[in-house]
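Residues per chain are reported as follows:
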Amino acid sequence: MRNFVIRLLANAAALWVAARLVGGVSLTEEVGGILWVALVFGLVNALVKPIVMVLSFPVIFLTLGLFVFVVNALLFMLTAGLTDALTVSGFGSALLGSIVVSLVAMILNGALTEAKKD
C-alpha cells in the first residue's frame, strides 16, 4: 500500500511539472483533481499500456523502440480524454508532456525508493 501511495504522489507531481513546463498541457489547481488524474494515468498505464505494447510490437521493433514515444503520447491523450482535470491541446503537446511525466516520475520514484531503503 505504501508503494502505491508513493507512486501515486510521484505521478501527481510529474503531471503537475508537465503542466507547468509544456504549453498545451493544463491541469486543474485542485489537489483532489491532480490526484484523480494521477490515479487514472496509473490505471491506464497498468491496464491499457501492456495490451497496446503487445499489439504494436512489430512497429516498435521496426522503429527500434521509437514508437514507444507515440504509444506514451496516445495514452497521455487517453488520460486527458477520461478526465476533466487534464487537457491536452494536440499530439505534440501530448508527446512532450508524456516525456516530461516519464522523466520526472522516474527521478522521483528512484529518489523515493532510495530514501525508503535507507
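Structure: above.
Undergrad: How would you summarise the packing of helix H1 (residues 2-21) against helix H2 (residues 31-47) if you had to cite specific residues and measurements?
TA: Contact geometry of H1 with H2 gives a least axis separation of 8 Å together with a crossing angle of 110°. Our classification of the angle between H1 and H2 gives roughly perpendicular. Counted together, Phe4, Leu8, Leu9, Asn11, Ala12, Leu15 and Trp16 of H1 and Ile34, Leu35, Val37, Ala38, Leu39, Phe41 and Gly42 of H2 form the full contact between these two elements. Across the contact of H1 with H2, the residue classes tally to 12 nonpolar, 2 polar and no charged.

Undergrad: Can you break down the nonpolar core residue by residue, with the values?
TA: Core analysis: the biggest nonpolar cluster contains 24 residues, and Leu15, Leu27, Phe76, Leu86 and Val101 have the highest contact counts within it. For this core, the secondary structure elements donating two or more residues are H1, strand S1 (25-27), H2, helix H5 (67-82), strand S2 (86-88) and helix H6 (91-117). It is H1 that provides the largest number of residues to this core, a total of 6 residues.

Undergrad: Outline the pattern of salt bridges, supporting the account with residue identities and numerical values.
TA: Applying the stated criterion across every chain yields a total of 1 salt bridge. Arginine 20 is the salt-bridge partner of glutamate 29, the closest N and O atoms lying 2.7 Å from each other. Note on glutamate 29: relative accessible area 61%, which makes it exposed. On the accessibility criterion, arginine 20 (39% relative accessible area) is partly exposed.

Undergrad: Break down H2 for me, citing the residues and quoting the values.
TA: Counted at 1.5 Å a residue, the expected span for H2 with its 17 residues is 24 Å, and the 24 Å between its end C-alpha atoms agrees. By the burial criterion, the buried members of H2 are Gly33, Ile34, Val37, Ala38, Val40, Phe41 and Val44. Taken around the axis of H2, the buried residues stretch over an arc of 165°, which confines them to a single face. Those residues of H2 that are exposed and angled more than 90 degrees off the buried face are Val31, Gly32, Ala46 and Leu47.

Undergrad: Got a sec to walk through the packing of H2 against H5? Specific residues and values, please.
TA: At a minimum axis separation of 9 Å, H2 and H5 run at an interaxial angle of 135°. Considered as vectors, H2 and H5 are oriented oblique to each other. Along this stretch, H2 crosses H5, giving a crossing that reads as right-handed. Between H2, through Val37, Val40, Phe41, Val44 and Asn45, and H5, the contact on the second element is made entirely by Leu75, Phe76, Leu78, Thr79 and Leu82. Along the lines of polarity and charge, the residues of the contact of H2 with H5 split into 8 nonpolar, 2 polar and no charged.

Cut-offs used in this document
- Residues numbered from 1 in each chain as written.
- Predicted model: local features only at pLDDT ≥ 70, side-chain atom pairs only at ≥ 80, totals over all residues.
- Heavy atoms only, no water.
- Axes fitted to C-alpha atoms, helices over the stretch in contact; angles between N-to-C directions.
- Helix = DSSP H or I, 4+ residues; strand = E, 2+ residues; numbered from the N terminus.
- Parallel < 35°, antiparallel > 145°, perpendicular 65-115°, else oblique.
- Contact = heavy atoms within 4.5 Å.
- Nonpolar A, V, L, I, M, F, W, Y, C, P; charged D, E, K, R; others polar.
- Core = buried A, V, L, I, M, F, W, Y, C linked by side-chain atoms within 4.5 Å.
- Buried < 20%, exposed > 50% of the residue type's maximum accessible area, 1.4 Å probe, protein only.
- Salt bridge = Lys/Arg side-chain N within 4 Å of Asp/Glu carboxyl O.
- Expected span 1.5 Å × (residues − 1).
- Arc of directions from axis to C-beta.
- Left-handed = near helix turned anticlockwise from the far one by under 90°.

Function cannot be inferred from these measures alone, as they are strictly geometric.
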